[in-house]
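# Observations on the three-dimensional arrangement
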Amino acid sequence: MIRRHIEAQVLGLTGLALGGIDFEYPRGDPGLFGPDSACWKVHGDFTSMLIGGIAALLMQMLHPLALAGVWDHSNFRQDMLGRLRRTGQFISGTTYAATADAERLIARVRGIHEQVRGTAPDGRPYAADDPDLLTWVHVAEVSNFLAAHLRHRNPALSGAEQDRYYDEISLIALRLGARDVPRSRAEVAAYLARMRPQLVCDDRTREIARILLSHPPAVSPLARPVSRFMMEAGTALLPGWAADMLELRRPAWRVRAAGMAIGGVAPVLRWAVRNGSAHRAKRRMGLLPPSPGRL
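Presented here is an overview of the structure given in this document. (Residues numbered from 1 in each chain as written. Predicted model: local features only at pLDDT ≥ 70, side-chain atom pairs only at ≥ 80, totals over all residues. Heavy atoms only, no water.)

In a regular helix each residue adds 1.5 Å, so 21 residues correspond to 30 Å; helix H13 (residues 252–272) covers 31 Å between its end C-alpha atoms and thus fits that length. At Val265, H13 shows its largest kink, close to 25°, and the proline Pro267 lies no more than four residues downstream. Those residues of H13 not exposed but buried are Ala258, Ala261, Ile262, Val265, Ala266, Leu269 and Ala272. As for H13, its buried residues are in contact with helix H1 (2–11), helix H3 (46–60), helix H7 (131–152) and helix H11 (224–237). (Helix = DSSP H or I, 4+ residues; strand = E, 2+ residues; numbered from the N terminus. Expected span 1.5 Å × (residues − 1). Bend = angle between axes of the 7 residues up to and from the residue. Buried < 20%, exposed > 50% of the residue type's maximum accessible area, 1.4 Å probe, protein only. Contact = heavy atoms within 4.5 Å.)

Here is the structure:
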């Protein structure tokens, strides 16, 4: 009973809560990457993915045009949980769903991006399907997913596997319309160094950070303390330069405390979750026994 309750709390934060994708069918369909991919390894842990996603959102908002698109066209400020679920569905679906479902998600997001246009406060026009802006959003996201995996799940992941992850996951960015997508650790590091002069932290950036950190998404009041641990760990994951821009750099003791808290929480969540997207995809591929029932 306790295990099922914890799992329900976790899955309520993910894209599975939205429905619409059956990760267990059709049998044998590997999807865009398949079970031997680095993407399946890196994206398979709820704890590290949520922590990485928090850091990614904070970093993405340092780009004035990315921030303008979210500020003008997203209901993020009113529906953080919904935004989390929709983002989670896209990531889990393109990673673990069967091929047709992954293709459908990509087409849907491309259609949404075509509608997101406007003018930033500095007078520059922006469009969500701008290839360069798509590259920024992608790199901020996947670099933090990998950083969280290394810190909180598998610090022994080899350099070759890390590079393979960046190479594989570039497929999604390219299919969305990005260009010149970095495909290795060295290319990602060089890209972030080139982008830093374009990044800004202003009042709206700080407002997004304040909303995110003061209202951690949770499906019940009992889960809120765990969400706060996740938020703290996401903040601690930020590169030093990004934390400084956001005025969120934490002292060393606080970073250690966040790591210890996650070290206590994560094993419980991993024990509880048996029916996440990765588990269902493994059943589709015959790598786990069929589920006797679904949440």
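Now for the pattern of salt bridges. Across all of its chains, the model carries 18 salt bridges by this definition. The shortest N-O distance in the salt bridge between Glu161 and Arg164 comes to 2.8 Å. Of this pair, Glu161 and Arg164 both sit in helix H8 (residues 159–176), three residues apart, roughly one helical turn. Residue classification places Arg164 among the partly exposed positions, given a relative accessible area of 28%. Each member of the salt-bridge network shares a partner with another, and the members are Lys41, Glu161, Arg164 and Glu168. (Salt bridge = Lys/Arg side-chain N within 4 Å of Asp/Glu carboxyl O.)

Turning our eyes to something else, we now look at the packing of aromatic side chains. All chains considered together, the criterion is met by two aromatic pairs. With a centroid separation of 5.7 Å and an interplanar angle of 45°, the aromatic rings of Tyr165 and Tyr166 are classed as tilted. As far as burial versus exposure is concerned, Tyr165 and Tyr166 are alike and both buried. The ring of Tyr25 has Arg27 lying over it, and the distance from NZ or CZ to the ring centre is 4.5 Å. (Phe/Tyr/Trp six-rings, centres within 6.5 Å; stacked < 30°, edge-to-face > 60°. Lys NZ or Arg CZ within 6 Å of the ring centre and 35° of its normal.)

With that settled, consider unusual backbone geometry. Across the junction of Tyr25 and Pro26, the peptide omega takes the value -5°, indicating a cis bond. One can find Pro26 in the loop between H1 and helix H2 (38–42). At Asp180, a position not held by glycine, the phi torsion is positive, near 50°.

We now examine the environment of His279. With respect to the helices, strands and loops of the structure, His279 is situated in helix H14 (residues 277–284). Of the residues examined, His279 reaches a relative accessible area of 24% and is grouped as partly exposed. For the pair His279 and Phe23, spaced 256 residues apart in the sequence, the C-alpha separation amounts to 8.8 Å. Once you skip the residues sitting within four places of it in the chain, His279 turns out to touch Val273, Arg274 and Leu288.

The next thing to look at is helix H5 (residues 80–96). When the terminal C-alpha atoms of H5 are compared, their 24 Å separation across 17 residues agrees well with the 24 Å that a helix rising 1.5 Å per residue should span. Buried within H5 are the following residues: Met80, Leu81, Gly82, Gln89, Phe90, Ile91, Ser92, Gly93, Thr94, Thr95 and Tyr96.

On the secondary structure map, Gln60 appears in helix H3. Taking the relative accessible area as the measure of exposure, Gln60 reaches 8% and is therefore buried.

Ranked by internal contacts, the top residues of the largest apolar core, which has 83 residues, are Leu58, Trp136, Tyr165, Ile172, Leu212 and Leu238. In this view, Leu238 contacts Ala55, Leu58, Met59, Ala243, Leu246 and Leu248; residues no more than four positions away in its chain are not counted. (Core = buried A, V, L, I, M, F, W, Y, C linked by side-chain atoms within 4.5 Å.)

Here we come to the environment of Phe33. Mapped onto the secondary structure, Phe33 falls in the loop between H1 and H2. C-alpha of Phe33 to C-alpha of Tyr96: the two residues are 63 residues apart in sequence and 7.8 Å apart in space. Apart from the residues within four sequence positions on either side, Phe33 is in contact with Cys39, Trp40, Thr94, Thr95, Glu168, Ile169, Leu171 and Ile172.

This brings us to the packing of H7 against helix H9 (residues 185–195). At a minimum axis separation of 11 Å, H7 and H9 run at an interaxial angle of 120°. On the basis of the axis angle, H7 is oblique to H9. Judged by the twist between their axes, the crossing of H7 over H9 is left-handed. Of the residues in H9, those touching H7 at Asp132, Thr135, Trp136, Val139 and Ser143 are Val188, Tyr191, Leu192 and Met195. Tallied by class, residues from the contact of H7 with H9 come to six nonpolar, two polar and one charged. (Axes fitted to C-alpha atoms, helices over the stretch in contact; angles between N-to-C directions. Parallel < 35°, antiparallel > 145°, perpendicular 65-115°, else oblique. Left-handed = near helix turned anticlockwise from the far one by under 90°. Nonpolar A, V, L, I, M, F, W, Y, C, P; charged D, E, K, R; others polar.)

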